[in-house]
Amino acid sequence: MAELNEHPFIFPLSNPTSKAECTAEQAFSWSQGRCIFCSGSPFGPVHLGNQTFYPGQGNNAYIFPGVGLGAIAAEAEQVTDEMFTAAAHKLASMVTDEDLANGTIYPSLTRIREVSVEIACGVANMVFDLGLTRLYVIPFLSYG
């Protein structure tokens, strides 16, 4: 993959870790640190030369909690595709240049509370936009 792509996407999503298609260390080593890595299982940091990469974990850590919290806060009558799309857009907007430089496509899990609240606010606002709330007064939610 690294021979054909400047920044190959490598997503070994099988669980548990022992069943992963490759390790984070293998992916970063084989691509000389150029890959975008996301796994279904947790992997520790990878040290390659003078750089450290922090493997991302592509699972339910952000989207489902954010959608659930947003739907509850907005008293949504139903959960829609648009709400998941709003969550995905909000999550993508929370990825920093530092995250990308570290080879991850998700915000650091150290920011999970902040990111989850931002996602919930985005979802709640989508509920309001769609008119799917049971609330009589519609606030605009934002965090931070």
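About the thresholds
- Residues numbered from 1 in each chain as written.
- Predicted model: local features only at pLDDT ≥ 70, side-chain atom pairs only at ≥ 80, totals over all residues.
- Heavy atoms only, no water.
- Salt bridge = Lys/Arg side-chain N within 4 Å of Asp/Glu carboxyl O.
- Helix = DSSP H or I, 4+ residues; strand = E, 2+ residues; numbered from the N terminus.
- Buried < 20%, exposed > 50% of the residue type's maximum accessible area, 1.4 Å probe, protein only.
- Core = buried A, V, L, I, M, F, W, Y, C linked by side-chain atoms within 4.5 Å.
- Contact = heavy atoms within 4.5 Å.
- Arc of directions from axis to C-beta.
- Axes fitted to C-alpha atoms, helices over the stretch in contact; angles between N-to-C directions.
- Parallel < 35°, antiparallel > 145°, perpendicular 65-115°, else oblique.
- Left-handed = near helix turned anticlockwise from the far one by under 90°.
- Nonpolar A, V, L, I, M, F, W, Y, C, P; charged D, E, K, R; others polar.

### Some words on the pattern of salt bridges
Then, in step 1: Within this structure, the stated rule accounts for three salt bridges.
Then, in step 2: The residue Asp-99 makes a salt bridge to Arg-111 at a minimum N-O spacing of 3.8 Å. With Asp-99 in helix α4 (residues 97-101) and Arg-111 in the loop between α4 and α5 (112-130), this residue pair connects regions lying twelve residues apart in the sequence. Both residues of the pair, Asp-99 and Arg-111, belong to the buried class.
Then, in step 3: Put simply, Arg-111 and Glu-114 hold a salt bridge, and the shortest N to O gap is 3.3 Å.

### A closer look at the nonpolar core
Then, in step 1: Among the nonpolar cores identified, the biggest contains 17 residues, and Met-83, Ala-87, Leu-91, Val-115, Ile-119, Val-123 and Val-127 are the most heavily contacted of them.
Then, in step 2: Elements represented by at least two residues in this core include exactly α2 (63-73), α3 (81-93) and α5.
Then, in step 3: Counting residues per element, this core draws most heavily on α5, which supplies six residues.
Then, in step 4: Those residues in contact with Ile-119 that lie beyond four places of it in its chain are Tyr-62, Gly-66, Val-67, Ala-87, Lys-90 and Leu-91.
Then, in step 5: Of all hydrophobic cores here, the second largest spans eleven residues; its members include Ile-10, Cys-22, Phe-28 and Val-46.

### Thoughts on the side chain of Asp-99
Then, in step 1: Relative accessible area serves as the criterion here: at 8%, Asp-99 is assigned to the buried category.
Then, in step 2: Once residues within four sequence positions are removed from consideration, Asp-99 is found in contact with Met-94, Thr-104, Tyr-106, Pro-107, Ser-108 and Arg-111.

### Comments concerning α2
Then, in step 1: Three or more residues of α2 are buried, namely Ile-63, Gly-66, Val-67, Gly-70 and Ala-71. All buried residues of α2 project into a common sector of 125° when viewed along the axis, lining one side.
Then, in step 2: Looking at the buried side of α2, the elements it contacts are α3 and α5.
Then, in step 3: Following α2 by one or two positions, Glu-75 has its phi on the positive side, about 50°.

### Details of the packing of α2 against α3
Then, in step 1: Their axes nearest at 10 Å, the elements α2 and α3 cross at an angle of 120°. When the interaxial angle is binned, α2 and α3 end up oblique. When you trace α2 past α3, the crossing you get is right-handed. Only Met-83, Phe-84, Ala-87, Ala-88 and Leu-91 of α3 make contact with α2, whose side of the interface consists of Ile-63, Phe-64, Val-67 and Ala-71.
Then, in step 2: Considering only residue class, the contact of α2 with α3 consists of nine nonpolar, no polar and no charged.

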